[in-house]
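Geometric and topological summary
Listed below, chain by chain, are the residues.
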Amino acid sequence: VLLQGRNPCECQASKHKLINNCISCGRIVCQQEGSGPCFFCSQLVCTKEEQEILDRKSRKSDALLRKLAGDSRREYNDDQAREAAMQKALDNKNKLLEYDANCEKRTKVIDDESDYFTIDSNKWLTPEQREALKKKNEELQAQKHRSRL
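Let me sum up the structure you'll find in this document. Numbering of residues begins from 1 in every chain and follows the order in which that chain's sequence is written. Restriction of local features to residues with pLDDT of at least 70 applies here, the model being predicted, together with a cutoff of 80 or more for giving and counting side-chain atom pairs; totals for whole chains, interfaces and linings are based on all residues. Side-chain numbers here rest on the full set of heavy atoms in the structure, without hydrogens or water.

Turning our attention to helix 1 (residues 48-55). Looking only at helix 1, the buried set comprises E50, I53 and L54. Down the axis, helix 1 shows its buried residues gathered within 100 degrees of arc, on one side only. Residues K48, E49, E52 and D55 are exposed on helix 1 and point more than 90 degrees away from its buried face. Buried-residue contacts for helix 1 involve strand 4 (44-45) and helix 2 (59-69). Here a helix means four or more residues in a row that DSSP labels H or I, a strand means two or more in a row labelled E, and each is numbered from the N terminus. Just past helix 1, the residue K57 takes up positive phi, approximately 60 degrees. Throughout, exposure labels follow a simple rule: accessible area from a 1.4 Å probe, protein chains only, divided by the maximum for the residue type, with under 20% read as buried, over 50% as exposed, and the rest as partly exposed. Directions pointing from the helix axis toward each C-beta atom define the arc. Should any heavy atoms of two residues lie within 4.5 Å, those residues are considered in contact.

Below you can see the structure in the form of structure tokens.
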């Protein structure tokens, strides 16, 4: 079932007809997503027939390009919006670089299950507790393998 307009679809052309793969990111674009900017990287994706028309560099190809590309970068046409987006990206980059430079340890993972089956390498036990567990384990093994006669 095809929905009206360009809608993201994850069928990878298994349910709908293949349009093409994105040249930039390799995303598979189906008929539901339609020709136009890639939903992932905004690179133009079109059918072979449309690509042939675009390669002609005629008025018809210019009209088709405007139709396919549309206003995919409309929000960046405004200088103020472009500057705001650029500043947000720079702030994020600087934050990530600061995290990398400081190398602060922000998380600590305690894996209680890592030593579930081993008593000797259990880092949470004191030496006394280790000895008690070894003794208990030996008793259980002896009881398990004792003579039943």
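Alright, that's what it looks like, and here's the rest.
Before going further, it helps to spend a moment on unusual backbone geometry. At A13, a position not held by glycine, the phi torsion is positive, near 60 degrees. Along the chain, A13 falls in the segment before strand 1 (18-21). Backbone geometry at K57 places phi at a positive 60 degrees, although glycine is not the residue there. As for its placement among the helices and strands, K57 is situated in the loop between helix 1 and helix 2. The exposure class of K57 is exposed, given its relative accessible area of 69%.

Here, expected helix span is obtained from the residue count minus one, scaled by 1.5 Å. Here helix 3 (residues 79-102) spans 34 Å end to end across 24 residues, near enough to the 34 Å set by a 1.5 Å rise per residue. Looking one or two places after helix 3, you find C103, whose phi comes out positive at around 50 degrees.

Mapped onto the elements of the fold, Q43 is located in the loop between strand 3 (36-37) and strand 4. Taking the relative accessible area as the measure of exposure, Q43 reaches 38% and is therefore partly exposed. The spacing of Q43 and C22 is 21 residues in sequence and 7.0 Å in space, taken between C-alpha atoms. If sequence neighbours within four positions are ignored, Q43 has contacts with C22, S24, G36, P37 and C38.

Turning next to the packing of helix 1 against helix 2. Angles shown run from 0 to 180 degrees and are taken between the N-to-C directions of axes, each axis being a line fitted to C-alpha atoms and, for helices, limited to the stretch in contact. Between helix 1 and helix 2, the least distance of the axes is 7 Å, while the angle of their chain directions is 125 degrees. Here helix 2 runs oblique to helix 1, going by the angle between their axes. The two elements helix 1 and helix 2 meet at a crossing, and its hand is left-handed. Here helix 1 contributes E50, I53 and L54 to the contact with helix 2, which in turn contributes K60, S61, L64, L65 and L68. Any angle that falls under 35 degrees is termed roughly parallel, while one over 145 is termed roughly antiparallel, one within 65 to 115 roughly perpendicular, and all others oblique. In a left-handed crossing the near helix is turned counterclockwise from the far helix by less than a right angle, and in a right-handed crossing that turn is clockwise.

This brings us to the packing of aromatic side chains. Any aromatic ring pair is given by two values, namely how distant the centres are and how the planes are angled relative to each other. Geometry of aromatic contacts follows a simple scheme: Phe, Tyr and Trp rings, the Trp one being its six-membered ring, pair when their centres are within 6.5 Å, and the pair is stacked under 30 degrees between planes, edge-to-face over 60, tilted otherwise. One pass over the full model with this rule turns up zero aromatic pairs. In this scheme, Lys NZ or Arg CZ marks a charge over a ring once it lies within 6 Å of the ring centre and within 35 degrees of the ring normal. The ring centre of F39 lies 4.6 Å from the NZ or CZ of R6, which sits over that ring.

These figures capture arrangement, not role.
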